[in-house]
Amino acid sequence: MIKVMDSDERKPAAKLSTTVENYLSLIYVLERDNEAVVGVQLAELLGVTPPTVTNTLKRMARDGLIKMDETGPHLTEQGWDSARTVMRRHMLTEWMMARMLPWSKLHQEAHNLEHAISAEAEAALFEDLGRPKTCPHGNPLPGQEKAVTSWRPLTKIPPKAKIIVRRVHELAEQNSELMAFLESKGIMPGVEATVVEVLPFNQTITLEVQKQRATLGFAAARYVFVEPSA
């Protein structure tokens, strides 16, 4: 079970390298969702080689951020605290950039800036943005996981259902082409849609969004979370 901590209770974390913060973010998301943390997947998502992942994880274990067992790496309490800080600053930076940039580009731009955000700037952003519970893509800020628990992946929705898009998962945010496609089709948090067709034999879901149709493969659709439209 993930132990969450209110922002007012957090202790300042020592400054970590950009590389380590990137690893912490991904491990945080996978462990938060009870997914296995696999070195090959980390290598693919980070764009590095498996040996590089192995060496970095060894350093993180040495520094007390993770512990290793037969199932892979797991965040320690120190690791959780550091990862929450990175994720919170990333998400707040996304909101800040949302005033200026397309929705599909927020993740990458925030990824470039998040490492420079100080604790003071983080606190100021949090207040200025109205203490958001989610990022612009609908993912929960650390400590706000309950806000998204009722939303279901699009792959679990039957044909003809009317829905509201609520969230695009962090792992989908890693794919800039997918994010651009979703934005071009209007598949973004807060948008109403209808599930027109679900074809299990070729693993596709077709939506009608703002009077246009868009088809997603199951591999992408499982990262889009929705709730029934009133």
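Above this text is the structure in question.
Each value, and the rule that gives it
Residues numbered from 1 in each chain as written. Predicted model: local features only at pLDDT ≥ 70, side-chain atom pairs only at ≥ 80, totals over all residues. Heavy atoms only, no water. Axes fitted to C-alpha atoms, helices over the stretch in contact; angles between N-to-C directions. Helix = DSSP H or I, 4+ residues; strand = E, 2+ residues; numbered from the N terminus. Parallel < 35°, antiparallel > 145°, perpendicular 65-115°, else oblique. Left-handed = near helix turned anticlockwise from the far one by under 90°. Contact = heavy atoms within 4.5 Å. Nonpolar A, V, L, I, M, F, W, Y, C, P; charged D, E, K, R; others polar. Pairing = 2+ DSSP bridges. Phe/Tyr/Trp six-rings, centres within 6.5 Å; stacked < 30°, edge-to-face > 60°. Buried < 20%, exposed > 50% of the residue type's maximum accessible area, 1.4 Å probe, protein only. Lys NZ or Arg CZ within 6 Å of the ring centre and 35° of its normal. Arc of directions from axis to C-beta.

Caption draft 1: Main features of the packing of helix 1 (residues 18-32) against helix 2 (residues 39-46). Running from amino to carboxyl end, helix 1 crosses helix 2 at an angle of 125°, the nearest separation of the two axes being 11 Å. The angle between helix 1 and helix 2 places the two elements in the oblique class. Our pair here, helix 1 against helix 2, has a crossing hand that is right-handed. Taken together, the residues of helix 2 that come into contact with helix 1 (itself represented by Asn22, Tyr23, Leu26, Ile27 and Leu30) are Gln41, Leu42, Leu45 and Leu46. For the contact of helix 1 with helix 2, a count of residues per class yields seven nonpolar, two polar and no charged.

Caption draft 2: Just the sheet that holds strand 4 (residues 162-168), in detail. Across the sheet, which stays open at both edges, the six strands sit in the order 3-8-4-5-6-7 with antiparallel pairing between neighbours. Every interior strand has two partners, whereas the edge strands, strand 3 (152-153) and strand 7 (212-217), have only one. Across two bridges, the pairing between strand 3 and strand 8 (residues 224-228) is antiparallel. Among the inter-strand pairings, proline 153 is bridged to a residue of strand 8, identified as phenylalanine 225. Running over the sheet, helix 8 (residues 176-184) touches strand 4 and strand 7 and is turned about 155° from strand 7.

Caption draft 3: Molecular detail of the packing of aromatic side chains. Enumeration over the complete set of coordinates arrives at one aromatic pair. When the ring of tyrosine 28 is compared with that of tryptophan 80, the centres are 5.6 Å apart and the planes differ by 75°; the resulting orientation is edge-to-face. With tyrosine 28 in helix 1 and tryptophan 80 in helix 4 (residues 77-97), the pair connects residues that are 52 residues apart, well separated along the chain. Note on accessibility: tyrosine 28 and tryptophan 80 belong to one class, buried. Cation over ring: arginine 167 sits above phenylalanine 225, and NZ or CZ is 4.8 Å from the ring centre.

Caption draft 4: Here's a closer look at helix 6 (residues 119-128). Residues of helix 6 that are buried include every one of Glu122, Leu125 and Phe126, and no others. Taken end-on, helix 6 shows its buried residues confined to a sector of 100°, consistent with a single buried face. When the buried face of helix 6 is taken as reference, the exposed residues oriented beyond 90 degrees from it are Glu120 and Asp128. In this structure, the buried side of helix 6 is in contact with helix 4.

Caption draft 5: Examining the pairing of strand 2 (residues 72-75) more closely. Sheet topology note: the strand 1 (residues 66-69)/strand 2 ladder contains four bridges and is antiparallel. Within strand 2, the residue paired with aspartate 69 across the bridge is glycine 72.

Caption draft 6: Expanded view of unusual backbone geometry. Even without being a glycine, arginine 131 presents a positive backbone phi close to 55°. Mapped onto the fold, arginine 131 is located in the loop between helix 6 and strand 3. Phi is positive for glutamine 203, which is not a glycine, with a value near 55°. For glutamine 203, the position within the fold is in the loop between strand 5 (192-199) and strand 6 (204-209). Residue glutamine 203 is classed as partly exposed on the basis of its relative accessible area, which comes to 47%.

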